[in-house]
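# Per-entry structural report
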Amino acid sequence: MKDYKPIPLVGRLQILRNMKSYVRDIALAVMVAVALIMGSSKASAQSCCDHTFHYAEVGSEPPRMGTEWGIGVGAVYTGLSGVSSPDILLSPRFGFQGHLDMAICFGRNFAIEVELDYEGGSIDAKYQDLERRIRTTSVDIPLLLSLRLANKRVRINAGPVFGVMSKGEYTHNNEVMMFGSITPTWNIAGGIGVRLSRYFLIEARYIHALTDNSNQFGGTEQKTGLDFNTRSYKVTLGVSLAF
């Protein structure tokens, strides 16, 4: 067992000085980190998507990058611009839409927007003596380039829309029958939006399918249904809450 030797007074004073130095350095580092975080938060709060339009003054410079989030609802009309078979009659109806969106803004006039859209609607179908209402559901992801004009009160959007999920179904003899997809995987969209206030935005959009859908209607256990192709388009009008 080793003998315990007390630390001399000079050594104790040196240890205290080192501890004070360490504490001072740590406190300084914490203060610098807090200052950087506060400065970053302030810059983010004054992002290019700031809804109060602080950068309208002459000579003021907007920050280079910012973010914007939103949630919205609206009406959607899914039309069919081409049906390969003249034997079937399809009559689209208005549906509803809900979406979440996020935008990355670059300067005052440009942004890249990505959305997650959910849509529900219906189509009336008639083939020979069979008439049914087809329930449609789709999930889309638009990726849009946004041009902001008039002090960010007007925006023009354009870009691709990716169809993640799309289906149509109807009931026949108490059985659920599949109609097929309504929205293909590849689409293109263009639209215009107007900011009504600090938080509210109204936007109209046209979405055009780039490929056909494969559909079937009128099939039963006794007979094969009609196979045909359709080409769809959508017109939407919605209101968004931006924050």
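Going by the structure above, here's the rest.
Read on for an overview of the structure. It should be emphasised that the depicted structure is a prediction, and the values quoted were computed from it without experimental measurement.

Criteria and thresholds
Residues numbered from 1 in each chain as written. Predicted model: local features only at pLDDT ≥ 70, side-chain atom pairs only at ≥ 80, totals over all residues. Heavy atoms only, no water. Helix = DSSP H or I, 4+ residues; strand = E, 2+ residues; numbered from the N terminus. Contact = heavy atoms within 4.5 Å. Pairing = 2+ DSSP bridges. Salt bridge = Lys/Arg side-chain N within 4 Å of Asp/Glu carboxyl O.

### Looking at the environment of Pro-92
On the secondary structure map, Pro-92 appears in strand E2 (residues 88-92). Considered as a pair, Pro-92 and Ile-123 are 31 residues apart in the sequence and their alpha carbons are 4.3 Å apart. Here Pro-92 is in contact with Tyr-77, Thr-78, Gly-79, Leu-80, Ser-122 and Ile-123, once residues within four sequence places are set aside.

### As for the pairing of strand E6 (residues 154-172)
Relative to E6, strand E5 (residues 130-149) runs antiparallel, the two sharing 13 bridges. For Asp-140, the partnering residue across the bridge sits in E6 and is Gly-163. Taken together, E5 and the strand that follows it, E6, pair antiparallel across an intervening segment of four residues, in which Ala-150 is found at a positive phi of about 55°. Here E6 runs beside strand E8 (residues 186-195); their pairing, made up of nine bridges, is antiparallel.

### Section: the pattern of salt bridges
Under the criterion given, the structure shown has 14 salt bridges. The residue Asp-124 makes a salt bridge to Arg-93 at a minimum N-O spacing of 3.9 Å. Within this pair, whereas Asp-124 is found in strand E4 (residues 110-127), its partner Arg-93 is found in the loop between E2 and strand E3 (94-106), the two being separated by 31 residues in sequence. Here the residues in one salt-bridge network are Glu-68, Glu-113, Arg-148, Arg-155 and Arg-195, joined through shared partners.

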